[in-house]
Amino acid sequence: MSNDKLTSKPFEEVINNGPYPIRFPKMSELEQDEEWCEVLIDNKWTKVRFHDYTDVYSVPGLYETLFYRTLMCNSPNRVTNLLSDVLNEQNQKPQDLRVLDFGAGNGMEGEALQGLGIRNIVGVDIIPAAKEAAMRDRPWVYDKYLVADLTNLTAEQNRFLKEYKFNALTVVAALGFGDIPPLAFYNAYDFIELNGYVAFNIRSDFLKSGHESKFSKLIQHMLNEEILEIELYKRYQHRLNIAGEPIYYVAIIAKKLKELNESDVKSIS
Ligand SMILES: C[S@@+](CC[C@H](N)C(=O)[O-])C[C@H]1O[C@@H](n2cnc3c(N)ncnc32)[C@H](O)[C@@H]1O
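Residues numbered from 1 in each chain as written. Predicted model: local features only at pLDDT ≥ 70, side-chain atom pairs only at ≥ 80, totals over all residues. Heavy atoms only, no water.

(A) Structural detail: helix α4 (residues 108-115). Burial within α4 is extensive, with six of its eight residues counted as buried. Those residues of α4 that sit buried are Met108, Glu109, Gly110, Ala112, Leu113 and Gln114. Elements in contact with the buried residues of α4: α2 (62-70), α3 (75-89), β4 (98-102), β5 (120-125) and β7 (166-171). Backbone geometry just downstream of α4 places Gly117 in the positive-phi region, at approximately 105°. (Buried < 20%, exposed > 50% of the residue type's maximum accessible area, 1.4 Å probe, protein only. Helix = DSSP H or I, 4+ residues; strand = E, 2+ residues; numbered from the N terminus. Contact = heavy atoms within 4.5 Å.)

Written out as structure tokens, the structure reads:
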């Protein structure tokens, strides 16, 4: 987070939507991972890049004010409600699920899963600030929360995750834009039992055929080889961008039919 001298640049109107006034720069051409805003904290306008999660999480309530109250994100509830639809249809009780919430952040997806009646939820995120924020803001949500790099787990983390015998994986607002690499997704997938549920979302254009992203190729491979079977697929508005235009994502609720082959993943990565 930097207190730079951006106050002279043109900004949209100040938005008072929560504990901190926010203003967006008058730039409509920014890619999703380049977006930023200024936040008034202790009487100082402070620049915050949206994807600098450590900065966002370190200010209590900023993530919720920015993404949820202002930019109308509702992805944790959307993805979780779709998972609930599939569970209902398959006569599965939420309380029987043991969920690995990967890219858990400050716990908003975990909170939505709790709301469904799921009690065994383990969060994993790569940055310590995510766990600190989850423990600060939603300490009741996770059974356990690991700060871990799934491509480089310690022996103890690996043992814990194996022994938990997860039967569901959630990855919400954490794929694409170089966030979770295919190898980390593979490792998370590997911890899920066969016939377990996999619920995730991703920007809709990332899954279009011909899209060059590694994750797109990985998902195409998993579907072509019937490693993953889609139960429900929904395109929806993930949030607004700073120019007020909708950003569309797809939510996918799928079942794990087969294990993924590590060498296939490596050849894609
Ligand atoms: C936009 S947040 C989403 C948080 C939460 N799932 C939600 O829906 O509110 C994305 C999270 O993914 C995490 N992330 C990015 N790359 C990761 C990786 N390689 N391994 C684990 N977490 C990662 C980030 O640290 C961040 O907390």
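(B) View of the environment of Tyr189. If you trace the backbone, Tyr189 turns up in helix α7 (residues 182-190). For Tyr189 and Glu259, which are 70 residues apart along the polypeptide, the C-alpha to C-alpha distance reads 8.0 Å. In this structure Tyr189 touches Leu169, Val198, Met222, Ile227, Leu228, Lys256, Leu257, Lys258, Glu259 and Leu260, once residues within four positions along its chain are discounted.

(C) Structural detail: α3. Over its 15 residues, α3 extends 21 Å from the first C-alpha to the last, a length consistent with the 21 Å expected when each residue adds 1.5 Å. On its buried face, α3 sits against α2, α4, β8 (192-203), β9 (228-240) and β10 (246-256). Downstream of α3 by one or two residues, Asn91 has phi in the positive range, about 55°. (Expected span 1.5 Å × (residues − 1).)

(D) Structural view of the site of the ligand. Near the ligand you find 19 residues, and of these Tyr57, Tyr63, Gly103, Asp125 and Val172 are the closest. Measuring from an oxygen atom of the ligand, one finds a side-chain N or O atom of Tyr57 at 2.7 Å. At 2.9 Å from a nitrogen atom of the ligand is found a main-chain nitrogen or oxygen belonging to Val172. Burial of the ligand by the protein chains amounts to 94% of its free accessible area of 590 Å². Of all the secondary structure elements, the ones that give two or more residues to the shell around the ligand are α1 (53-58) and α2. In terms of residue class, the shell around the ligand is made up of 15 nonpolar, two polar and two charged. Shared between two domains, the shell around the ligand takes at least three residues from each, and those domains are domain 1 (6-70) and domain 2 (75-268). (Near = heavy atom within 4 Å. Polar contact = N/O pair within 3.5 Å; in protein donor to acceptor, adjacent residues only side chain to side chain. Areas by Shrake-Rupley, 256 points an atom, 1.4 Å probe, with all protein chains shown as cover. Nonpolar A, V, L, I, M, F, W, Y, C, P; charged D, E, K, R; others polar. Domains from an automatic or database assignment.)

(E) Highlighting the pairing of β10. The buried count for β10 comes to nine of 11 residues, which makes it a mostly enclosed element. Pairing between β8 and β10: seven bridges, direction antiparallel. Residue pairing in the sheet places Asn201 in a bridge with Ala251 of β10. What sits between the antiparallel neighbours β9 and β10 is a turn of five residues, in which Gly244 has the positive phi angle 85°. (Pairing = 2+ DSSP bridges.)

(F) Layout of the packing of α7 against helix α8 (residues 214-224). Between α7 and α8, whose axes approach to 10 Å, the crossing angle comes to 40°. Taken together, α7 and α8 sit at an angle that is classed as oblique. Together, Pro182, Phe185 and Tyr189 of α7 and Lys214, Phe215, Leu218 and Met222 of α8 make up the contact between the two elements. Residues belonging to the contact of α7 with α8 are distributed by class as follows: six nonpolar, no polar and one charged. (Axes fitted to C-alpha atoms, helices over the stretch in contact; angles between N-to-C directions. Parallel < 35°, antiparallel > 145°, perpendicular 65-115°, else oblique.)

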